[in-house]
Amino acid sequence: MVIGGDAGGMGAAARARRLDPDLEIVALEKGEWTSYSACGIPYLVSGVVTGGLEALVARSPQVHRTKYRIDVRLRHEVTGIDLDMRRVEVRNHEHGRTLHLSFDELLIGTGARPLRPDVEGIDLPFVHGVQTLDDAGRLIAHARAADCRRVVVVGGGYIGIEMAEAFTERGAEVTLVEGGAQLMRTLDPDMARRVEAAVQRFGIELRTSTPVTGFADGEVHTDSGPIRADLVILGLGVTPNSELAADAGIETGAKGAVSVTPRQRTSAEGVWAAGDCCESFHLVSRRRLHVALGTVANRQARVAGTNLGGGSATFNGVVGTAITKLCGTEVSRTGLTEHECEAAGLDAVAATITSSTRAGYYPGAEEIAVKAVAERRTGRLLGMQIVGGAPGAGKRIDAVAVALHAGFTAEELNDADLAYAPPFGPVWDPVAVAARAVAKAAVAPS
């Protein structure tokens, strides 16, 4: 039995089917879609991706039914899990009735939902969260019907920046409102300031340190006064949909996410979890955390599905790698920032360098800033952040993520055999230059 029709649930179901053709698999999804890319929603909204909502669907319910022989039941919302009876309570919204279905093994893939602050007007129809394809459909329909010219995005994280870019590209006047002192709290302040400069260059009005206090028709209320808006998008992050598991007595952990072992098994016998509803283990900080990313959900699903299908697999953890873009500026990070190192009790040093995305003499070279973080004295690499222009600047972070998985020191990353040609970077890649700088800082006298 699988609860949830997106990456965590259906990825596990498909993997289990490949390994065991005799399994009976039932998947329950309360919405209308399966196996879609929520990460693609901003690009659908902007018009970069065409073809409607279906363009973001990797596998339709019919494909799961015919190719993988999975009994997918749409508009079936699980409302309770009874571990003693080994059954779930399900509300069939199609026929308006409640039923009970038994299981031998249960996979929880309920995902996450957008954070919605408890303020006046949060449920008004012009305020939209963006997490599911149904959310995207309602948002796009509203934007078209109302010819929205003034858009306010609340929240300056990844989804907030991506949605601000999307509506700017649609020709709207966009205001990006962040309650904290900086955009992108997953970056250190000095790197976030570079992102803020890019936001303003793109023509987006930026208001930081501006908490939202409520919504009214056509207005967003803040501590600094009202902002006119035809449409509001919430980009405040997400919270795991873990209530079903918690109510059944299954243990939860970081940010209320379902606790799992490296095999993706929960505290309950025969119950597994994968995706945005459950927690992960950070390989650098050595702490549990909740990270809602499609990459992580798919990897966890593959592990859970392997074990459900009779194989053996483990998901050892994450290093916190993420990437986004704003027009021509790419932003990426992996490992820990300076403030995350402090929270984890690590004695860290940092070094920031500026370089070029290509050889200086090659046309189209743009500035790239790289900040590296390492452990004092040992030089162990702890993290890196990149903000730069030109296609491919941000993807340099992948080499750093691999180095973190391998436990490299900063000096070892500096010595790595990275690719070089003038169209792609200087002879000393910016990642190597930053690694060398922080390696020196790590052994310098305090």
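Placed above this text is the structure.
Asker: Explain the overall build of the protein chain to me, please; I cannot follow it from the model alone.
Answerer: In terms of helices and strands, the protein chain carries 12 helices and 25 strands. Taken over C-alpha atoms, the radius of gyration comes to 23 Å for the protein chain, in line with the 22 Å a tight globule of 446 residues would show. When its C-alpha atoms are laid out on the principal axes, the protein chain stretches across 65 × 55 × 40 Å. By the burial criterion, 52% of the 446 residues in the protein chain qualify as buried. In the protein chain, 46 positive and 54 negative side-chain charges are present, and the distance between their average locations comes to 4 Å.

Asker: Would you take a moment to explain unusual backbone geometry for this structure?
Answerer: If a residue is not glycine, its phi is most likely negative; likewise, a peptide bond is most likely trans. Phi angles above zero are rare outside glycine, and M184 is one such case at about 50°. Take M184: its relative accessible area is 2%, and that puts it in the buried class. A positive phi angle is found at R286, which is not glycine, with a value near 65°. Take R286: it is sitting in the loop between β19 (280–281) and β20 (288–289). R286 gets classed as exposed once you look at its relative accessible area, which sits at 54%.

Asker: Mind showing me how you'd approach the sheet that holds strand β4 (residues 76–82) here?
Answerer: Each strand in a sheet pairs with another by means of backbone hydrogen bonds, the pair being arranged parallel or else antiparallel. Ordered by their spatial adjacency, 3 strands build an open sheet running β4-β5-β6, and the pairing between neighbours is antiparallel. Looking at the sheet topology across the chains shown, the edges are occupied by β4 and β6 (97–102). In this sheet, neighbouring strand axes are inclined to one another by 25° on average, regardless of whether the strands run parallel or antiparallel. Alignment of strand β5 (residues 87–92) against β6, held across 6 bridges, turns out to be antiparallel. If you follow E89 over to β6, its bridge partner there is H100.

Asker: Where do I start with the side chain of E165 in this structure?
Answerer: Position of E165 among the secondary structure elements: in helix α5 (residues 158–169). Looking at E165, the relative accessible area reads 2%, which means it is buried. The residues contacting E165, other than those within four sequence positions of it, are Y43, F202, I204, K325, L326 and C327.

Cut-offs used in this document
Residues numbered from 1 in each chain as written. Predicted model: local features only at pLDDT ≥ 70, side-chain atom pairs only at ≥ 80, totals over all residues. Heavy atoms only, no water. Helix = DSSP H or I, 4+ residues; strand = E, 2+ residues; numbered from the N terminus. Rg over C-alpha atoms; globule rule 2.2 N^0.38 Å. Buried < 20%, exposed > 50% of the residue type's maximum accessible area, 1.4 Å probe, protein only. Lys, Arg positive; Asp, Glu negative; His and termini not counted. Charge placed at Lys NZ, Arg CZ, Asp CG, Glu CD. Pairing = 2+ DSSP bridges. Axes fitted to C-alpha atoms, helices over the stretch in contact; angles between N-to-C directions. Contact = heavy atoms within 4.5 Å.

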